[in-house]
Amino acid sequence: MAAASSPSPTFASQSTSPSPRPAFLFNRPFLPSPSNLSFSSRSFSSSPLAPLRCFPFRRTAITVPCASAEVSSSAKAFRGLCYVVGDNIDTDQIIPAEHLTLVPSNPSEYAKLGSFALCGLPSSYTTRFVSPGATKTEYSIIIGGANFGCGSSREHAPVALGAAGAVAVVAESYARIFFRNSVATGEVYPIEVEDRVCQECQTGDEVSVLLEEGGGRLINHRTGKEWKLNPIGDAGPVIEAGGIFAYARKTGMIPSEA
Amino acid sequence: MAASTTICPSTSFIANKNELGLSGFVTSRLPCAKRFGGVKPGRKVVAVMAPPQKAERLPATTGSVKNAMTMTEKILAKASEKPKLSPGENVWVNVDVLMTHDVCGPGSFGIFKKEFGQNAKVWDREKVVVIPDHYIFTTDERANRNVDILRDFCKEQNIKYFYDITDLSDFKANPDYKGVCHIALAQEGHCRPGEVLLGTDSHTCTAGAFGQFATGIGNTDAGFVLGAGKLLLKVPPTLRFVLDGEMPNYLLAKDLILQIIGEISVAGATYKSMEFVGSTVESLNMEERMTLCNMVVEAGGKNGVVPADSTTFEYLKDKTTKPYEPLYSDGSARFLSEYRFDISKLEPLVAKPHSPDNRALARECKDVKIDRVYIGSCTGGKAEDFLAAAKVFLASGKKVKVPTFLVPATRKVWLDLYTLPVPGSGGKTCSQIFEEAGCDPPASPGCGACLGGPKDTYARMNEAKVCVSTTNRNFPGRMGHKEGQIYLASPYTAAASALTGYVTDPREFLQ
């Protein structure tokens with residue numbers, strides 16, 4: 001558990017703003033969060049006055065111990081426990097095929113997918129991403145090696161990670177479909193790092209991911225080490241608009257929400 | 001667009017091939033680009049050499065150095081209505097065909113309705129192809145429900161191409177059911193040169209064998225395409241693979257792609273296009289080309305392409321009447337890298353557990369005892385794949401030493417097993433040869449156990465076993481059990497291994 005006054009991932013403990021709100025969800029034009037993408041069939045307000053991407057199932061205050069991503073007031077940082085994996089973590093390890101009968105756009109099945117996140121990892125991973133019996137993870141940040149998310153195009157992969165409570169993956173490189181799906185759904189931020197951080201961090205370390213203009217930083221609070229993160233780059237106009245659907249609405253390609 | 005006559009020069013016209021926008025690498029047989037706008041059988045299409053286009057400079061016919069593009073760049077340029085594209089550009093691409101199946105369809109439809117409205121209609125009811133194939137023959141309720149969800153959506157949207165299945169006890173009782181999506185797409189004429197095909201499955205890249213841009217996308221992207229008919233894509237740079245030399249009689253396309261993946265690794269082609277050219281590629285039939293392109297994603301590739309030629313056009317003759325326009329890399333197009341292989345020097349390969357790039361010579365694994373053999377999937381369950389396996393069983397005349405599972409990709413393949421005569425067998429069919437060899441009888445067509453699936457899936461690996469498989473991935477747990485060991489191999493190698501009970505080089509039987 002992060003040592004913080006406010007473990008809930010929704011509220012920013014260091015926020016200068018008085019009222020609690022999903023602080024970390026706005027003001028990040030360069031991040032791949034389709035911020036206006038009301039994900040799946042969670043019926044949230046589609047009025048223009050509620051522009052924020054809202055994830056009621058995983059971002060609202062949760063009383064069970066779970067991934068706590070503390071967020072700073074600039075809403076560009078995550079802090080929480082990290083879970084470390086190696087290279088070539090393929091989609092079968094992220095969400096084994098037998099669970100693909102779960103439909104992500106169905107709210108109860110979405111939550112179930114989260115409970116199976118990374119259950120395909122071999123038994124050599126003695127600490128599991130989601131503890132047996134739990135439905136959510138304690139680890140909000142996943143640290144990986146090269147080619148994270150390789151294999152299938154199943155969108156269930158980033159969805160399962162997000163549904164479990166992860167907010168970001170920090171890895172050396174990504175397989176393209178996984179990266180694309182992460183961006184399109186906004187479930188997890190696929191952040192790139194050049195250093196071999198998966199060998200310098202241990203599962204359970206408290207880390208911070210700071211996303212800044214032109215790049216960012218990963219900080220391991222246990223060791224004090226810091227690494228540079230690559231800027232998200234790619235698909236700029238789409239990300240700025242807030243995802244493919246928001247972009248398409250903005251440019252008139254599709255009519256506004258029916 | 002004007003139906004311009006495309007060009008089929010004979011070798012005597014090579015001199016100006018750059019002006020004709022033809023690839024400079026094609027050697028023996030130049031592609032004959034015939035336009036098929038509803039060609040009836042018996043009517044001869046005479047290909048003529050057209051004068052250089054003056055009016056509309058379509059990407060295919062511009063050959064000027066200024067606009068030199070690779071095949072993938074050209075296809076995306078045409079689909080995004082831009083005269084020129086360079087790798088790295090993000091463009092909005094018109095989609096010709098969107099495919100989905102039972103695993104990702106429900107999620108994609110859910111997103112479509114959420115974003116475009118409960119009463120929204122898909123952008124084109126004839127361009128969406130819905131193919132249940134993944135978890136079909138199972139009692140898993142959710143899996144069955146997912147096929148129902150497909151049906152409800154297709155009914156409501158009046159989707160033209162929905163290969164439905166309602167009677168799970170007998171696939172033949174379902175007039176529309178086909179089987180594995182990528183093979184069904186090809187067999188039903190949905191793959192055409194020069195087009196853009198997107199699918200909610202990583203092996204959508206298989207269709208690149210037809211000289212089109214084909215790649216896998218997720219549910220959200222698919223939901224978007226369902227409504228908008230287009231998608232934002234980044235133009236990939238192209239890696240060129242030149243495969244030359246006569247294909248030895250013990251090698252198949254699977255060996256070629258395993259060679260390449262082993263060479264460049266599972267991330268060697270990430271975000272890139274893989275273009276396959278050379279005399280060996282030209283000698284491959286369509287199904288072998290499909291195998292080649294199928295595993296492009298295993299190298300991280302965005303898409304794979306094989307230039308369309310007479311083999312392609314011949315295959316398409318009886319499958320589609322839609323006109324298409326093949327596109328080819330310009331002679332001066334820029335490729336990121338070029339790899340050359342002398343195929344005649346290659347040997348049968350396997351990919352050892354647990355990665356498709358864990359390449360090894362089959363003969364060096366001859367001490368690996370195996371528990372079972374699986375022949376199936378979009379990668380290795382086509383008619384050609386079964387014919388190849390049958391060839392090895394025929395040559396041996398013996399029985400298999402381990403359970404050998406046969407899962408034809410589609411209903412057409414299943415039929416072929418029972419009707420096509422195996423060369424050199426005196427008129428026997430594949431099924432007869434398989435029966436004599438002691439294989440399990442061919443199962444209902446579909447994806448089967450390639451990706452594990454629900455627990456009751458036929459041939460699923462429910463215990464830690466060692467399996468030689470003609471499938472495409474062998475990451476931990478791929479076919480079910482996390483400790484299962486999967487050796488990816490060609491149908492020749494799989495059949496040879498079944499006969500010995502060990503990983504076996506097919507030359508033991510084919511020479």
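Residues numbered from 1 in each chain as written. Chains lettered and ligands numbered in written order. Predicted model: local features only at pLDDT ≥ 70, side-chain atom pairs only at ≥ 80, totals over all residues. Heavy atoms only, no water.

### Remarks on the overall build of chain A
The number of helices and strands found in chain A is 7 helices and 7 strands. Contacts in chain A between residues far apart in sequence, at least 24 positions, make up 68% of those at least 6 positions apart. Carbon and sulfur atoms make up 54% of the accessible area of chain A, which amounts to about 9,200 Å² in all. (Helix = DSSP H or I, 4+ residues; strand = E, 2+ residues; numbered from the N terminus. Contact = heavy atoms within 4.5 Å. Areas by Shrake-Rupley, 256 points an atom, 1.4 Å probe, with all protein chains shown as cover.)

### Notes on the overall build of chain B
Helix and strand content of chain B: 15 helices and 17 strands. Within the span of chain B, comprising 511 residues, buried residues form 64% of the whole. Intrachain contacts of chain B at a sequence separation of at least 6 include 75% that bridge at least 24 residues. If you sum the accessible surface of chain B, you get close to 17,600 Å²; carbon and sulfur atoms cover 50% of it. (Buried < 20%, exposed > 50% of the residue type's maximum accessible area, 1.4 Å probe, protein only.)

### A closer look at empty space enclosed by the protein
It is a probe the size of a water molecule, rolled over the atoms, that shows where empty space is left. Residues and elements named next belong to chain B. Here the structure, examined in full by the defined rule, presents 8 cavities of 30 Å³ or more. Put simply, the second largest cavity is a space of about 210 Å³. Lining the second largest cavity are 23 residues, with H134, D201, H203, L451 and R478 positioned closest to its centre. By residue class, the composition of the lining of the second largest cavity is 8 nonpolar, 10 polar and 5 charged. Both domain 1 (90-232) and domain 2 (349-510) contribute no fewer than three residues apiece to the lining of the second largest cavity. (1 Å grid on protein atoms, 1.4 Å probe; cavity = no way out; pocket = protein on both sides within 12 Å on 5 of 7 lines; lining within 4 Å. Points joined across faces, edges and corners; volume = space filled by probe spheres on them. Nonpolar A, V, L, I, M, F, W, Y, C, P; charged D, E, K, R; others polar. Domains from an automatic or database assignment.)

### Focus on the domain arrangement of chain B
A common way to state how big an interface is: give the accessible area lost once the parts meet. All names here are of chain B. Split by domain assignment, chain B resolves into domain 1 (90-232) and domain 2 (349-510). Centre-to-centre, using C-alpha coordinates, domain 1 lies 27 Å away from domain 2. Each side of the interface is counted separately: domain 1 has 23 residues, and domain 2 has 20 residues. Run the count over domain 1 and domain 2 and you get 1 salt bridge. The closest approach of N and O atoms between E188 and K412, which form a salt bridge, is 3.4 Å. (Salt bridge = Lys/Arg side-chain N within 4 Å of Asp/Glu carboxyl O.)

### Focus on the packing of aromatic side chains
Applying the stated criterion across every chain, the model contains 23 aromatic pairs over all chains. Here F148(A) and Y174(A) contribute two aromatic rings whose centre-to-centre distance is 6.2 Å and whose plane-to-plane angle is 75°, an arrangement assigned as edge-to-face. With F148(A) in the loop between strand 2 (139-143) and helix 4 (156-164) and Y174(A) in the loop between strand 3 (168-171) and helix 5 (176-185), this residue pair connects regions lying 26 residues apart in the sequence. Take F148(A): its relative accessible area is 0%, and that puts it in the buried class. The class for Y174(A) is buried, based on a relative accessible area of 4%. Chaining the aromatic ring pairs together yields one cluster made of W92(B), F109(B), F112(B), F116(B), F153(B) and F224(B). Between the NZ or CZ atom of K319(B) and the centre of the ring of Y315(B), over which it lies, the distance is 3.8 Å. One cation-aromatic arrangement involves R507(B) over Y250(B); the distance from NZ or CZ to the ring centre is 4.8 Å. (Phe/Tyr/Trp six-rings, centres within 6.5 Å; stacked < 30°, edge-to-face > 60°. Lys NZ or Arg CZ within 6 Å of the ring centre and 35° of its normal.)

### A closer look at the pairing of strand 17 (residues 485-489) of chain B
All names here are of chain B. Counted residue by residue, strand 17 has 4 buried out of 5 residues, so it is predominantly covered. Bridge analysis of strand 12 (residues 349-351) against strand 17 gives 2 bridges, and the strand direction is antiparallel. Each residue of the ladder has a partner; that of V350, found in strand 17, is A489. Inspection of the sheet shows strand 16 (residues 466-469) paired to strand 17 by 4 bridges, in the parallel sense. Within the sheet, the bridge partner assigned to V468 lies in strand 17 and is Y487. (Pairing = 2+ DSSP bridges.)

### A word on the interface of chain B and chain A
Counting residues at the interface gives 53 residues for chain B and 54 residues for chain A. Three residues, K114(B), E115(B) and T220(B), lead the burial of chain B against chain A; their summed loss comes to 16% of the area buried on that side. Counting every contact that joins chain B to chain A gives 5 salt bridges. In this structure, the salt-bridge partner of D92(A) is R478(B), at a minimum N-O distance of 3.0 Å. Of all elements in the fold, only strand 1 (90-94), helix 2 (105-116), helix 3 (141-157), strand 6 (213-216), helix 5 (219-228) and strand 7 (230-234) of chain B reach the threshold of two or more residues within the side of chain B that touches chain A. Looking at the side of chain B that touches chain A residue by residue, the classes come out as 21 nonpolar, 16 polar and 16 charged. (Buried area = accessible area lost by both parts, 1.4 Å probe.)

### A short note on the pairing of strand 6 of chain B
Remark: a regular strand shows side chains that alternate across the two faces of the sheet. All names here are of chain B. Burial along strand 6 is two-sided: F213 and T215 and A214 and G216, pointing in opposite directions, are all buried. When strand 5 (residues 196-199) meets strand 6, the two strands line up parallel, connected through 4 bridges. If you follow L198 over to strand 6, its bridge partner there is T215.

### Focus on helix 3 of chain B
Residues spaced three or four apart along an α-helix face the same direction, because each turn holds 3.6 residues. Residue and element names in this part refer to chain B. For helix 3, built from 17 residues, the straight-helix expectation of 24 Å at 1.5 Å per residue is met to within 8% by its first-to-last C-alpha distance of 24 Å. For helix 3, every residue scored as buried is listed here: A143, N146, V147, L150, R151, F153, C154 and Q157. Down the axis of helix 3, the sector holding all buried residues measures 165°, keeping them to one side. Within helix 3, the exposed residues directed more than 90 degrees away from the buried face are E141, D152 and K155. On its buried face, helix 3 is in contact with helix 2, strand 3 (128-130) and strand 4 (161-162). Sitting at the amino-terminal end of helix 3 is D140, which places a side-chain oxygen 2.9 Å from the backbone nitrogen of R142. Phi turns positive, to about 55°, at N158, one or two residues after helix 3. (Expected span 1.5 Å × (residues − 1). Arc of directions from axis to C-beta. Polar contact = N/O pair within 3.5 Å; in protein donor to acceptor, adjacent residues only side chain to side chain.)

### Here's the deal with the nonpolar core
Of all hydrophobic cores here, the largest spans 147 residues; its most connected members are F129(A), F148(A), L161(A), F276(B), F393(B) and F434(B). With sequence-adjacent residues up to four places away left out, F129(A) is seen in contact with Y83(A), A117(A), L118(A), T137(A), E138(A), Y139(A), I142(A), L161(A), A164(A) and A166(A). Counting 45 residues, the second-largest nonpolar core is a separate cluster that includes L150(B), I159(B), A222(B) and V305(B). (Core = buried A, V, L, I, M, F, W, Y, C linked by side-chain atoms within 4.5 Å.)

### Some remarks on the sheet that holds strand 4 of chain B
Each strand in a sheet pairs with another by means of backbone hydrogen bonds, the pair being arranged parallel or else antiparallel. Strand order in the open sheet formed by 5 strands is 4-3-2-5-6 (chain B), and the pairing between neighbours is parallel. With one partner strand each, in any of the chains shown, strand 4 and strand 6 of chain B form the two edges of the open sheet.

### Focus on the confidence of the model for chain A
The predicted coordinates ought not to be read in detail in places where the model reports low pLDDT. Residue and element names in this part refer to chain A. Of all residues in chain A, 64% attain a pLDDT of 70 or more, and the chain-wide mean is 72. Averaged pLDDT values for the elements of chain A fall to 33 in helix 1 (residues 56-59) and rise to 97 in strand 2. A low-confidence stretch, residues 1-66 stays under pLDDT 50, and its non-local contacts, those more than four residues away or across chains, total 149 contacts. Note that residues 71-75 has pLDDT below 50 and, in this model, 14 contacts with residues that lie over four places away or in other chains. (pLDDT = per-residue confidence, 0-100.)

### Things to note about the sheet that holds strand 9 (residues 273-277) of chain B
Residue and element names in this part refer to chain B. Here we have 4 strands laid out as an open sheet, ordered 10-9-8-11, and parallel in their pairing. Pairing within the sheet leaves two strands with one partner each, and these edge strands are strand 10 (303-305) and strand 11 (337-342). Sheet twist, expressed as the average angle between the axes of neighbouring strands with direction ignored, equals 20°. Relative to strand 10, strand 9 is paired through 3 bridges, and the arrangement is parallel. By the bridge assignment, E275 is partnered in strand 10 with V305. (Axes fitted to C-alpha atoms, helices over the stretch in contact; angles between N-to-C directions.)

### Quick word on the side chain of T200(B)
Relative to the helices and strands, T200(B) is located in the loop between strand 5 and strand 6. Of the polar contacts made by the side chain of T200(B), one reaches the side chain of T100(B); its length is 2.8 Å. The contacts of T200(B), once residues within four sequence positions are left out, are S153(A), M99(B), T100(B), H101(B), C104(B), S108(B), I217(B), G218(B) and A222(B).

### Considering unusual backbone geometry
Following P353(B), the chain continues to H354(B) via a peptide bond in cis, the omega torsion being -5°. Position of H354(B) relative to the elements: it lies in the loop between strand 12 and strand 13 (359-361).

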